[in-house]
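The chain contents come next:
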Amino acid sequence: MDILTTLYVAAGMGFAIAFIPQIITLWRDKTGAASINISTWGMFAACSTITLLYAIFKTDDPYFVFCASLGVIGNSAVLLLALSRRNRAAEALDLSEAIKIPVKN
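The structure displayed is predicted, hence computed values, not measured ones.

## So, the packing of aromatic side chains
Point 1. If you walk through the whole model with that rule in mind, you get five aromatic pairs.
Point 2. Ring geometry for Tyr8 and Phe64: centres 6.5 Å apart, planes at 70 degrees, overall edge-to-face. In this pair, Tyr8 is assigned in helix H1 (residues 3-17) and Phe64 in helix H4 (residues 62-100), connecting sequence segments 56 residues apart.
Point 3. Given the relative accessible area of 36%, Tyr8 is considered partly exposed.
Point 4. When the ring centre of Trp27 is taken as reference, the NZ or CZ atom of Arg85 above it lies at 5.1 Å.

Next comes the structure, spelled out in structure tokens:
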């Protein structure tokens, strides 16, 4: 493996590691992922998926496929976790609203 390929793989792994703080923040989030823009992360996930498909079907480069796979995993993890947090927050809000409504006899 030449130096540029080694750097490319290292950069891909660094890219994947860069998702970890965002995932940890989302995991601990109690606000329903209010600060996460779902459409932005959805676009990131879609574009990284297209990149992976290109790598698989148009190149003969396992390093490109590997790095593109890491991008799909990271972007999708953030997107799915944010959607999950939003869903839980919405369910909790609906439940709390139901509790606040007085029942008439």
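We are not done yet, so read on.
## A short note on helix H3 (residues 38-58)
Point 1. For H3, built from 21 residues, the straight-helix expectation of 30 Å at 1.5 Å per residue is met to within 8% by its first-to-last C-alpha distance of 29 Å.
Point 2. Within the sequence span of H3, burial applies to Trp41, Ala45, Ser48, Leu52 and Ala55. Looking straight down H3, one finds its buried side chains confined to an arc of 85 degrees; they lie on one side. Structural note: H3 exposes Ser39, Met43, Ile50, Phe57 and Lys58 on the side pointing more than 90 degrees away from its buried face.

## What to know about the packing of H1 against helix H2 (residues 19-28)
Point 1. The N-to-C vectors of H1 and H2 enclose an angle of 15 degrees; their axes lie 5 Å apart at closest approach. The angle between H1 and H2 falls in the class roughly parallel. Counted together, Phe15, Ala16 and Ile17 of H1 and Phe19, Ile20 and Pro21 of H2 form the full contact between these two elements.
Point 2. Taken together, the residues of the contact of H1 with H2 break down into six nonpolar, no polar and no charged.

## Observations regarding the side chain of Asp29
Point 1. Inspection of the secondary structure puts Asp29 in the loop between H2 and H3.
Point 2. Buried charge Asp29 goes without a salt bridge, the closest partner of opposite sign being Arg85 at 5.6 Å.
Point 3. Only 2.8 Å separates the side chain of Asp29 from the side chain of Thr31, close enough to count as a polar contact.

So, how was this worked out
- Residues numbered from 1 in each chain as written.
- Predicted model: local features only at pLDDT ≥ 70, side-chain atom pairs only at ≥ 80, totals over all residues.
- Heavy atoms only, no water.
- Phe/Tyr/Trp six-rings, centres within 6.5 Å; stacked < 30°, edge-to-face > 60°.
- Helix = DSSP H or I, 4+ residues; strand = E, 2+ residues; numbered from the N terminus.
- Buried < 20%, exposed > 50% of the residue type's maximum accessible area, 1.4 Å probe, protein only.
- Lys NZ or Arg CZ within 6 Å of the ring centre and 35° of its normal.
- Expected span 1.5 Å × (residues − 1).
- Arc of directions from axis to C-beta.
- Axes fitted to C-alpha atoms, helices over the stretch in contact; angles between N-to-C directions.
- Parallel < 35°, antiparallel > 145°, perpendicular 65-115°, else oblique.
- Contact = heavy atoms within 4.5 Å.
- Nonpolar A, V, L, I, M, F, W, Y, C, P; charged D, E, K, R; others polar.
- Lys, Arg positive; Asp, Glu negative; His and termini not counted.
- Salt bridge = Lys/Arg side-chain N within 4 Å of Asp/Glu carboxyl O.
- Polar contact = N/O pair within 3.5 Å; in protein donor to acceptor, adjacent residues only side chain to side chain.

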